[in-house]
Amino acid sequence: MKQLFFLILPFLLASCASHHGNINNTHTQTDENHTYVDLAVGYSKATYVFGIGGLNKDMLFAEAYRNMRMSYPLEPNQTLENLVVNSKRTRVGPVLKHEVITIADVVAWDNNLQIDYSDRYLNQFSKNKILSTNDFKLNDQVLMLDQKEIYSVRIVSLSDKNAVVFYIDKEGDFQLKKLNLSKLYWGEDANKQYNDYKVGDRVMFKKPVQQEFEEIESFIRGLNQQKLLVFIQGLGLRSLEYDDIKKPDKKLEN
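None of these values were measured; they are calculated from a predicted model.

A. Fine view of the pairing of strand S15 (residues 212-223). Bridge count between strand S14 (residues 202-209) and S15: eight bridges; the pairing is antiparallel. From the neighbouring strand, Val209 faces S15, where its bridge partner is Glu212. If you look at the hairpin formed by S14 and S15, you'll find two residues sitting between the two strands, and Gln210 has a positive phi there, around 55 degrees. As defined by bridge partners, S15 adjoins strand S16 (residues 227-232) across five bridges and the pair is classed as antiparallel. In the strand pairing of S16, Ser218 is matched with Ile232.

B. How the structure looks around the pattern of salt bridges. If you walk through the whole model with that rule in mind, you get nine salt bridges. Its salt-bridge partner being Asp140, residue Lys137 comes within 3.0 Å of it at the nearest N-O pair. Judged by relative accessible area, Lys137 falls into the partly exposed class, the value being 45%. Taken together, the salt bridges that share partners define one network made up of Glu215, Lys246 and Asp249.

C. Representation of the nonpolar core. If you look at the biggest cluster of nonpolar residues, it comprises 30 residues, and the most contacted ones within it are Met144, Val153, Ile155, Val165, Leu184, Tyr197 and Leu228. Residue assignment for this core shows that the elements contributing at least two residues are strand S7 (141-146), strand S8 (149-158), strand S9 (162-168), S14, S15 and S16. When residues in this core are grouped by element, the largest group, four residues, is from S8. With near-sequence residues (within four places) excluded, Leu184 lies in contact with Phe136, Val142, Leu143, Met144, Val153, Ile155, Ala163, Val165, Leu179 and Asn224. If you look at the next biggest cluster of nonpolar residues, it comprises 15 residues, including Ala40, Met68, Leu80 and Ala104.

D. Quick peek at the environment of Gly42. Within the secondary structure, Gly42 sits in strand S2 (residues 34-49). When its relative accessible area of 0% is taken as the criterion, Gly42 is described as buried. Among residues more than four places away in sequence, those in contact with Gly42 are Ala64, Asn67, Met68, Val100, Ile101 and Thr102.

E. Broad picture of the packing of aromatic side chains. Evaluation of the coordinates by the stated rule reveals four aromatic pairs. Both rings, one in Phe136 and one in Trp186, keep their centres 5.2 Å apart while their planes meet at 25 degrees; by these two values the pair is stacked. Remark: Trp186 occurs in the loop between strand S11 (184-185) and strand S12 (193-194) and Phe136 occurs in strand S6 (residues 136-137); sequence separation between them is 50 residues. Ring geometry for Phe166 against Phe174: centres 5.0 Å apart, planes inclined by 45 degrees, an arrangement best described as tilted.

F. Just the sheet that holds S14, in detail. Read across the open sheet, the five strands follow the order S17-S16-S15-S14-S18; overall the sheet is antiparallel. Of all strands in the sheet, those bounded by a partner on one side alone are strand S17 (236-241) and strand S18 (245-246).

G. Representation of unusual backbone geometry in the model. With a phi angle near 65 degrees, Lys148 is a residue other than glycine that sits in the positive phi range. The residue Lys148 is located in the loop between S7 and S8 in this model. With relative accessibility at 71%, the residue Lys148 sits in the exposed group.

H. Broad picture of the environment of Ile220. Looking at the secondary structure, you find Ile220 in strand S15. The exposure class assigned to Ile220 is buried, which follows from its relative accessible area of 2%. When the C-alpha positions of Ile220 and Asp201 are compared, they lie 5.5 Å apart, and in sequence the two are 19 residues distant. Setting aside its immediate chain neighbours within four residues, Ile220 contacts Tyr197, Lys198, Val199, Gly200, Asp201, Val203, Leu228, Leu229, Val230 and Ile245.

Definitions and limits used
- Residues numbered from 1 in each chain as written.
- Predicted model: local features only at pLDDT ≥ 70, side-chain atom pairs only at ≥ 80, totals over all residues.
- Heavy atoms only, no water.
- Pairing = 2+ DSSP bridges.
- Helix = DSSP H or I, 4+ residues; strand = E, 2+ residues; numbered from the N terminus.
- Salt bridge = Lys/Arg side-chain N within 4 Å of Asp/Glu carboxyl O.
- Buried < 20%, exposed > 50% of the residue type's maximum accessible area, 1.4 Å probe, protein only.
- Core = buried A, V, L, I, M, F, W, Y, C linked by side-chain atoms within 4.5 Å.
- Contact = heavy atoms within 4.5 Å.
- Phe/Tyr/Trp six-rings, centres within 6.5 Å; stacked < 30°, edge-to-face > 60°.

Rendered as structure tokens:
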């Protein structure tokens with residue numbers, strides 16, 4: 001039995017990753033003027049243990065496309081063009097994670113094109129899917145703090161507690177990241193307000209010093225229902241609880 005364990009151990013510890021992708025040029029009206037207005041993004045994932053579990057390959061691609069259509073409702077003169085499909089497989093021992101991301105150009109046509117989608121068609125995309133939760137919804141553009149850097153990210157998948165976001169890193173590469181909803185923040189453009197605070201407010205960070213607090217001038221860069229993203233003078237960006245800050249004394253503001 002012990003010998004069998006050592007024979008299996010290298011397999012259990014082995015890990016590898018592979019990537020596949022393709023681009024489909026799908027322009028339907030090459031003779032018409034058009035404008036590229038945005039990117040639509042979809043994501044899906046399945047996990048297999050010894051090959052068991054999750055969706056099959058074809059359904060995984062269909063699920064990513066479905067999520068893309070749900071996250072970006074099209075206007076009457078818009079279509080999705082130039083579909084890019086990327087697939088990533090990551091194996092760690094007997095566990096295989098298969099991720100699929102779809103990206104398409106959102107194109108607005110400069111004519112009187114009218115495209116109508118029936119309720120029956122649209123219901124096939126939204127049935128039994130989480131479109132919004134905890135004040136966030138698919139395709140929302142929000143902020144994320146990673147390695148002391150703020151990134152503008154797009155939500156491409158949602159669950160009750162977590163989200164998968166799509167963003168461009170410092171090297172200009174596309175990235176996906178799964179994180180708790182409490183680590184996503186609304187920026188200034190969202191015009192959100194929680195607990196009488198909003199982005200841009202000047203506040204005081206209550207830094208613990210022995211058994212007292214030292215108040216340091218700070219500014220809110222992002223916020224959500226539970227936490228704030230705050231720039232603290234001399235300390236940089238921090239994720240804080242609402243109890244960690246206070247409004248400045250009125251006499252100090254004058």
